[in-house]
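Read off the chains here:
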Amino acid sequence: MRRWGLQFRGRKANREHYRAEDIFSMAEAAPGKKYKIARIDSGCRLNSRLCAMGFIPGEVFYVSGASRGGPLCVMVKGTKFAIGRGMAEKIQIREI
Amino acid sequence: MTARQITIALSGNPNSGKTTIFNNLTGLRQHVGNYPGVTVEKKSGIVEYKEFKINVVDLPGTYSLTAYSMEEIVARNFVINEKPDVVIDVVDSSNLERNLYLATQLIELEVPLILAFNMTDIVKKSGKKIDIDLLSELLGVSIIEMVGSKGLGSKELLEAVIMVVKSKKEKKVEVKYGEEVENEIVRIISVLKKQKIPTFNFDTRWIAVKLLEQDKEIIDTIKKASGPKYSKIDETIRSSVNHITSILRDPPEVIIADARYGFIKGALLEAYKETGLAELDRSEKIDRILTNRIMGIPIFAFVIWLMFQFVFTLGKYPANWLGLGFEKLSALVTNIVPQGLVRSLLVDGIIGGVGGVITFTPNIILLFFAIAVLEDSGYMARAAFVMDRIMHKIGLHGKSFIPLVIGFGCTVPAYMGSRILENKKDRLVTMHINTFMSCGARLPVYILFAGAFFPAVAGNVIFSIYLIGVIMAVIMAKVLRATRFRGESDPFVMELPAYRLPTLKGILIHTWERAWLYVKKAGTIILAISILMWILFTFPMIGNNYTQDYAGQIEETERLYQSGEITGQEYDIGIATVEAEMAGERLAYSAAGRIGRFLEPVFKPLGFDWKMVVATISGIAAKEVIVSTMGTLYSIQETDRQPDSLKTALYNHYTPLVGYNFMLFTLLYFPCLAAMAIFRKEAGTKEMLFQMGYTLLLAWVVSFLVFQIGRIFIK
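It should be emphasised that the depicted structure is a prediction, and the values quoted were computed from it without experimental measurement.

Side note on the pattern of salt bridges
Note that side chains of opposite charge can pair when their charged atoms are close. Inspection of every chain in the model, using the stated rule, returns 28 salt bridges over all chains. Notably, a salt bridge pairs A:Lys80 with B:Asp287, separated by 2.5 Å at the nearest N-O pair. Residue A:Lys80 is located in strand 5 (residues 79-83), and its partner B:Asp287 is located in helix 12 (residues 282-290); the two belong to separate chains. Exposure class is identical for A:Lys80 and B:Asp287. Each is buried. Residues participating in the shared-partner salt-bridge network are A:Lys80, B:Glu284, B:Asp287 and B:Arg382.

Pasting the structure below:
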């Protein structure tokens, strides 16, 4: 049986310790660069939503566009999303 | 042999091609309604296959089965409560990791599940390979490969449905969430069992997971079911959540989501070569242009302009043909039915009223066609992205711009177009300010009044009215956002789907169902309203209570003509003049006329007399009716209804200030009853009454200020 393939993995790989100064909000991300999601801190309802959309700690994403004061254009798990500034501020990221 | 009836539910991520597969399965045999109690659209259809009669229900497109939005709750409750025989999860195969997240949640629910791997042609083209058999074994569900856009795989899918229905329940794969979470799940299950909490249709393990995720719906359900015993459960959940958060540094809902992705990654590692982040593809290149910082807005403006041309310029022709058709119908009825009340009701009331609304249908069809193309191609999301910054400043969503622009043509499709806004507050504010986008039907009123009072600068005066409308919209959007629709609106997160060539079938079905809704609903309500308006303007009948002896005047005119003292032309004019005066008196005598006189004191501070009030009331039926009502009230005869004579009459009766003020009032008070009927359909009676109330109040206040302040400066 190949059941072992279903064993839970992934979590361990994401367990990294970040120093506080390395972390900043997605709103500060520069277009054309890749970042890694460090943590998300909105309410649990929105946390679930963001996770379902693929914004999960440890995930790498690409910022494909941003306009000053307007929403960001972000590619995560093969899908592109427009994310408002307010929302982006709740997602903590770090450089790869 | 009677067909065996079964129900299958289609679920899937937004943009996974779910609707295409639904259309392929059911064709035109679809039924559109709402889920009970909510405004989420429910689509279902019937397909007959072998000895089965299959009822296919199209669930709303969602990323997950959390309780984040109305759509997600509706989808989840349908799966849990209605217990469909099979759930089909439509999966975009070119984006497996993301799409299987929903599948994982369905696996957790232990429903009879089939995965429909859509768009497998894209995967093959990109040179990747999915080991379907292996993946199917790893996930414990059957997988069918499909290409929805080419209609491939529908038969195989139905075959699989029947297989699942006929077979007994097979052993399922269980998703594990890691040691820490599993321990807490066991703890919560034992507490639930010990306290003997009823779990309804839910599986106990599933409930425990949802409680850990702090799913509001489930927490509320359990709270209600357990009563005083809930404190014990609440305590357990709290301690579990704290325990997990302290050890794993993220809240349980994030840990659990991570475990689901882990489950998917584990399976995909075996059966599929993941390439990580997608490369710069075609969509990305198109986006470089369409959402460009500098070009984005001009391109959007051009697209909207094109749509406007398409809907109103092209739509003008069929609309005119329909109008002509109704004119012919009126003429026909006039010839068949003898003069009297019945003819008046048929011609003026029903054909005039309902016909006036039906003539909008071509515009509505073209509008929904255009919207369907924009939506299915993926541009609509970009439009919202481009406009979001500007619209955000006045408290609206990027997508609000589209219905607002449509409002300049006609408010009815604009209200219906507001559906593209998912957020209820965004939608309601957009609808409430849409009336200030001056619609096409108001233009004849402006042309009449501006022409009468400001003939030299009529164009500029009309433009100023349009401008005031836009300014009012911005102000009211801010006011509504700060008062009735305050509170946190949903944060702006929206998928920008890959650009796709829309299928004609999909667009036609989309257009058809929305346009039909308009004809059906608006048609029935409008019929009732038209009859009501006709009654108001017809009864009580004047009988012999004319102030002058019109019969005598007609006799006199005839006598003069017979004796050759006047020419045939003079005779025609004479008769028409008398008849026009009679019509004016009949109108004054009717309920509408009386209401006008009754309400005159209210409108006096705006500089309006009772005739203007009556015209305003008639404008409720349709704004362009104001012009013809004014004509009747000023006894402009039928044969000579040249706007100029009416303009002269108006110029002699009112000051330019009052004329301008009347235009302002016409701009600001709520649009026609057809629009209100649609408003009620889309937003409910309460919101419709609010719309009517506040626009009337606003119109009154603005006109009051303009008249009272203007009076000081203009003599």
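Quick word on the interface of chain A and chain B
Counting from both sides, the interface comprises 51 residues of chain A and, opposite them, 55 residues of chain B. In total, chain A and chain B occlude about 4900 Å² of area from one another, counting both sides; carbon and sulfur atoms represent 57% of this. One salt bridge connects B:Asp250 with A:Arg39, and the closest N-O pair in it is separated by 4.0 Å. Counting across the chain A and chain B interface gives 17 residue pairs in polar contact (both at pLDDT 80 or more). Those elements giving two or more residues to the side of chain A that touches chain B turn out to be helix 1 (11-14), strand 2 (34-40), helix 2 (44-52), strand 3 (60-66), strand 4 (72-76) and strand 5 of chain A. Its residues assigned to classes, the side of chain A that touches chain B comprises 24 nonpolar, 13 polar and 14 charged. Here strand 5 of chain A pairs with strand 8 (residues 493-496) of chain B via four bridges, running antiparallel. Opposite A:Ile83, over in strand 8 of chain B, you have B:Val493 as the bridge partner.

A short note on unusual backbone geometry
Residue and element names in this part refer to chain B. Between Phe 539 and Pro 540 the backbone carries a cis peptide bond, its omega angle lying at -10 degrees. With respect to the helices and strands, Pro 540 occurs in the loop between helix 23 (504-538) and helix 24 (550-562). Phi at Lys 50 takes a positive value of approximately 50 degrees, unusual for a residue other than glycine. Note on placement: Lys 50 falls in the loop between strand 3 (41-49) and strand 4 (52-58). What makes Lys 50 exposed here is its relative accessible area of 58%. Positive phi values are uncommon outside glycine, yet Lys 83 reaches one of about 45 degrees. Structurally, Lys 83 is set in the loop between helix 2 (70-81) and strand 5 (86-92). The exposure class of Lys 83 is exposed, given its relative accessible area of 51%.

With respect to the side chain of A:Gln92
Residues and elements named next belong to chain A. Residue placement: Gln 92 occurs in strand 6 (residues 91-95). What makes Gln 92 buried here is its relative accessible area of 17%. Beyond its immediate stretch of four places on either side in the chain, Gln 92 contacts Ile 23, Phe 24, Ser 25, Ile 37, Ala 38, Arg 39 and Asp 41.

Comments concerning the confidence of the model for chain B
Residue and element names in this part refer to chain B. Looking at chain B as a whole, its pLDDT mean stands at 85, while 93% of the residues score no less than 70. Mean pLDDT across the elements of chain B ranges from a minimum in strand 2 (residues 30-34), with 69, to a maximum in helix 30 (residues 656-668), with 95. Both scores are given for the predicted complex: the pTM is 0.75, the ipTM 0.82.

Structural notes on the sheet that holds strand 1 (residues 24-25) of chain A
Strand order in the open sheet made by the seven strands is 1(A)-6(A)-2(A)-3(A)-4(A)-5(A)-8(B), with antiparallel pairing throughout. Where the open sheet ends on each side, the last strands, each with one partner, are strand 1 of chain A together with strand 8 of chain B.

Section: helix 16 (residues 361-377) of chain B
All names here are of chain B. Its 17 residues give helix 16 an end-to-end C-alpha distance of 24 Å, which sits within 8% of 24 Å, the value for a rise of 1.5 Å per residue. In terms of burial, helix 16 is largely enclosed, as twelve of its 17 residues are buried. Inspection of helix 16 places Thr 361, Pro 362, Asn 363, Ile 364, Leu 366, Leu 367, Phe 368, Ala 370, Ile 371, Ala 372, Leu 374 and Ser 377 among the buried residues, and these make up the whole buried set. Phi turns positive, to about 100 degrees, at Gly 378, one or two residues after helix 16.

Considerations on the environment of B:Met676
All names here are of chain B. Residue placement: Met 676 occurs in helix 31 (residues 673-683). Of the residues examined, Met 676 reaches a relative accessible area of 1% and is grouped as buried. The sequence separation of Met 676 and Val 412 amounts to 264 residues, and the corresponding C-alpha distance is 8.3 Å. Beyond its immediate sequence surroundings of up to four residues, Met 676 is in contact with Tyr 415, Phe 670, Pro 671, Met 688, Gln 691 and Met 692.

With respect to the packing of aromatic side chains
Describing an aromatic ring pair means giving the distance of the ring centres and the angle of the ring planes. Residues and elements named next belong to chain B. Scanning the entire structure with this criterion turns up 29 aromatic pairs over all chains. The side chain of Arg 597 reaches across the aromatic face of Trp 610, ending 4.1 Å from its centre. Here the basic side chain of Lys 623 rests over the ring of Tyr 669, its NZ or CZ set 3.6 Å away from the ring centre.

Section: a positive patch on the surface
A contiguous patch of positive charge, built from A:Arg68, B:Arg293, B:Arg389 and B:Lys393, is present on the exposed surface. In this fold, B:Arg389 is placed in helix 17 (residues 379-393). For B:Arg389, a relative accessible area of 38% gives the class partly exposed.

Things to note about the environment of B:Leu135
Residues and elements named next belong to chain B. For Leu 135, the position within the fold is in helix 5 (residues 132-139). A relative accessible area of 0% places Leu 135 in the buried class. Sequence separation between Leu 135 and Leu 268 is 133 residues, and the spatial gap between their C-alpha atoms is 7.3 Å.

So, the confidence of the model for chain A
Scored by pLDDT, chain A has a mean of 78; 78% of the residues are at 70 or more. Contacts from residues 1-15 of chain A, a stretch scored under 50 in pLDDT, to residues over four places away or in other chains number 34 contacts.

Describing the side chain of B:Asp388
Relative to the helices and strands, B:Asp388 is located in helix 17. If we ignore the near neighbours within four places in the chain, the residues touching B:Asp388 are A:Pro71, B:His397, B:Gly398 and B:Phe492.

A look at the pairing of strand 4 of chain A
Residues in a regular strand project their side chains so that they alternate between the two faces of the sheet. Residues and elements named next belong to chain A. Most of strand 4 is tucked away: five of the five residues are buried. Note that strand 4 and strand 5 share five bridges and pair antiparallel. Each bridged residue has a counterpart across the sheet, and for Val 74 the counterpart in strand 5 is Phe 81. Hairpin connection between strand 4 and strand 5: a loop of two residues separates the two successive antiparallel strands, and Lys 77 in this loop has a positive phi of roughly 45 degrees.

So, how was this worked out
Residues numbered from 1 in each chain as written. Chains lettered and ligands numbered in written order. Predicted model: local features only at pLDDT ≥ 70, side-chain atom pairs only at ≥ 80, totals over all residues. Heavy atoms only, no water. Salt bridge = Lys/Arg side-chain N within 4 Å of Asp/Glu carboxyl O. Helix = DSSP H or I, 4+ residues; strand = E, 2+ residues; numbered from the N terminus. Buried < 20%, exposed > 50% of the residue type's maximum accessible area, 1.4 Å probe, protein only. Contact = heavy atoms within 4.5 Å. Buried area = accessible area lost by both parts, 1.4 Å probe. Polar contact = N/O pair within 3.5 Å; in protein donor to acceptor, adjacent residues only side chain to side chain. Nonpolar A, V, L, I, M, F, W, Y, C, P; charged D, E, K, R; others polar. Pairing = 2+ DSSP bridges. pLDDT = per-residue confidence, 0-100. Expected span 1.5 Å × (residues − 1). Phe/Tyr/Trp six-rings, centres within 6.5 Å; stacked < 30°, edge-to-face > 60°. Lys NZ or Arg CZ within 6 Å of the ring centre and 35° of its normal. Patch = residues over 30% accessible without salt bridge, like charges linked within 9 Å, V, L, I, M, F, W, Y side chains within 5 Å. Areas by Shrake-Rupley, 256 points an atom, 1.4 Å probe, with all protein chains shown as cover. Lys, Arg positive; Asp, Glu negative; His and termini not counted. Charge placed at Lys NZ, Arg CZ, Asp CG, Glu CD.

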